[in-house]
Amino acid sequence: MTTLTGSLIVTRRYFHIFTSASPRKGFTLVELLVVIAIIGSLVGLLLPAVQAARESARRSQCGNHIKQLGAALHNYASTARGFPSGRNSNNISTHAFLLPFIEQVDLFSKIDPTRTWNDPIHTAVASTKISTFRCPSDPASGLPAFYGGNNYRFNQGSNILWGNPPTDPADPQFGMAAPNGIFYLDSRIRFEDILDGTSSTAAISEHGIGDFTNGVSTRADTFWPQTFPATPDEAARQCESLDPVNLSFQRFSNVGGPWLYGYHSTTIYFHVSGPNQRSCMYPPGRIMTTAKSDHAGGVILGMCDGSTRFISNNINLSVWRSIGTRDQGEVISDFSVQ
């Protein structure tokens, strides 16, 4: 029979065993290393997902900017009975003419289209930063502080002439095909001029901002193959064949600013080479600035009907060129990879 005294003795013995043992304090080094490794693995798994989510949000915002510009184009066309020009004779850009339609009426009132874009009266305007003109996916840091940056370009078409065809047979551009897109020098394209259909004709796409130095080669630069191509195919082939690391092929790195300057490396793009291919110029007067983005796999395209599409880098080149023309009679039924 167990007595109360016996129970107390047994309890005291067990109590003594537990209380006399040395208590464990903290983790061993091995345990700590295991925990750190587990945390590192979790962060490694989580970080790409977080980055992907952030880029998805940035891409969505970028697409919304293009939709805003598409709506501004429609509102302008309703008021002026036609789209704004790609640039006027003073190189005032399409962006400038759209300002009243993106809630920038006061800024527009400070622009005099009869003066050049770099006239001193435009200095403050050219330095104004407008969020609607910037894609948040572009990490550019080389833009001068006194330039308002721009990531959105308007489509000149699939030919390589910068400007309009000359009438003088002695001009080196004589006989070159005219721009066949929507926006070019002194253009005034109406909806009824877009014979290929507004849902099949590009109006807006993207391009990264450059580093503003010819001492370094970056993908946003405009290169110079030192050739003089006669056709879009020649231009595309010569541009892709150059060595971008060779700085002798550097031509123009002041890309993407200011938005007031109507220029092929600032506010215009071409459908000569496919999305995210190299941009090149062939002075005098020939050019192929491509659509580029910092979104994985392609570029966002704003159509003349105001809709947007994400176009793969692998789109068939003939389809891409057809999207860039307004009245060539192409029938485009599929924008997907071919």
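Heads up: these notes are all about the structure in this document. (Residues numbered from 1 in each chain as written. Predicted model: local features only at pLDDT ≥ 70, side-chain atom pairs only at ≥ 80, totals over all residues. Heavy atoms only, no water.)

## Considering helix α6 (residues 232-241)
Next up, step 1: Turning to α6, its buried residues number three or more, namely P232, A235, A236 and C239. Angular distribution of buried residues about the axis of α6 spans 95 degrees; they occupy a single face of the element. The outward face of α6, more than 90 degrees from its buried face, is lined by the exposed residues R237 and S241.
Next up, step 2: Where the residues of α6 are buried, they touch β6 (279-282), β7 (286-288) and α7 (317-323). (Buried < 20%, exposed > 50% of the residue type's maximum accessible area, 1.4 Å probe, protein only. Helix = DSSP H or I, 4+ residues; strand = E, 2+ residues; numbered from the N terminus. Arc of directions from axis to C-beta. Contact = heavy atoms within 4.5 Å.)

## Remarks on the sheet that holds strand β3 (residues 222-223)
Next up, step 1: Overall, mixed pairing links the 4 strands, which are arranged β4-β3-β6-β7 in an open sheet. Unpaired on one side and paired on the other, β4 (250-252) and β7 mark the two borders of the sheet.
Next up, step 2: Inspection of the sheet shows β6 paired to β7 by 3 bridges, in the antiparallel sense. Across the sheet, M281 pairs through a bridge with I287, a residue of β7.
Next up, step 3: Here α6 sits on the sheet in contact with β6 and β7, set at roughly 115 degrees to β6. (Pairing = 2+ DSSP bridges. Axes fitted to C-alpha atoms, helices over the stretch in contact; angles between N-to-C directions.)

## Here we look at the pairing of β6
Sheet faces and side chains relate simply in a regular strand, where the side chains alternate between the two faces.
Next up, step 1: The alternating pattern of β6 places S279 and M281 and C280 and Y282 on opposite faces, both of which are buried.
Next up, step 2: Here β3 runs beside β6; their pairing, made up of 2 bridges, is parallel. From the neighbouring strand, T222 faces β6, where its bridge partner is S279.
Next up, step 3: If you look at the hairpin formed by β6 and β7, you'll find 3 residues sitting between the two strands, and G285 has a positive phi there, around 80 degrees.

## Points about the packing of aromatic side chains
Next up, step 1: Under the counting rule described, the total for this entry stands at 12 aromatic pairs.
Next up, step 2: Both rings, one in W162 and one in F270, keep their centres 6.4 Å apart while their planes meet at 45 degrees; by these two values the pair is tilted. Taken together, the positions of W162 in the loop between β1 (152-155) and β2 (202-206) and F270 in the loop between β5 (268-269) and β6 put the pair 108 residues apart, joining distant regions of the chain.
Next up, step 3: Chaining the aromatic ring pairs together yields one cluster made of W117, W162, F252, Y261, Y263 and F270. (Phe/Tyr/Trp six-rings, centres within 6.5 Å; stacked < 30°, edge-to-face > 60°.)

## Considering the nonpolar core
Next up, step 1: In terms of nonpolar packing, the biggest core is built from 61 residues, with L73, L99, F183, I204, W259 and L260 touching the most fellow members.
Next up, step 2: Mapped by element, the contributors of at least two residues to this core are α2 (29-80), α3 (94-98), α5 (123-126), β1, β2, α6, β6 and β7.
Next up, step 3: In terms of residue count, α2 provides more of this core than any other element does, 7 residues in total.
Next up, step 4: In this structure, F183 is in contact with L73, F83, P84, S85, G86, T94, F154, N155, Q156, A203 and I268, ignoring residues within four places of it in sequence. (Core = buried A, V, L, I, M, F, W, Y, C linked by side-chain atoms within 4.5 Å.)

## Notes on the state of the cysteines
The bond known as a disulfide is covalent and runs between the sulfur atoms of two cysteines.
Next up, step 1: For the coordinates displayed, the defined rule picks out 1 disulfide.
Next up, step 2: A disulfide bridge connects C239 with C280, and the sulfur atoms are separated by 2.1 Å. Taking the torsion about the S-S bond as the criterion, the C239 to C280 disulfide, at about 80 degrees, is right-handed. Pair noted here: C239 is in helix α6 and C280 is in strand β6, with a separation of 41 residues, a long-range link. Neither residue differs from the other here; C239 and C280 are each classed as buried. (Disulfide = S-S within 2.5 Å.)

## Here we look at the pairing of strand β9 (residues 308-312)
Next up, step 1: Where strand β8 (residues 298-303) and β9 come together, 5 bridges link them in antiparallel fashion. Within β9, the residue paired with G302 across the bridge is T308.
Next up, step 2: Linking two consecutive strands that pair antiparallel, namely β8 and β9, is a turn of 4 residues; a positive phi of about 95 degrees is found at G306 within it.

## Thoughts on unusual backbone geometry
Next up, step 1: Cis geometry is found at the peptide bond from G257 to P258, where omega equals -5 degrees.
Next up, step 2: Along the chain, P258 falls in the loop between β4 and β5.
Next up, step 3: In this structure, P284 follows P283 across a cis peptide bond, with omega equal to 5 degrees.
Next up, step 4: With respect to the secondary-structure elements, P284 resides in the loop between β6 and β7.
Next up, step 5: The residue D186 is not glycine, and still its phi comes out positive at about 55 degrees.
Next up, step 6: Among the structural elements, D186 can be located in the loop between β1 and β2.

From the geometry alone we can't say anything about function, so treat these as descriptive.
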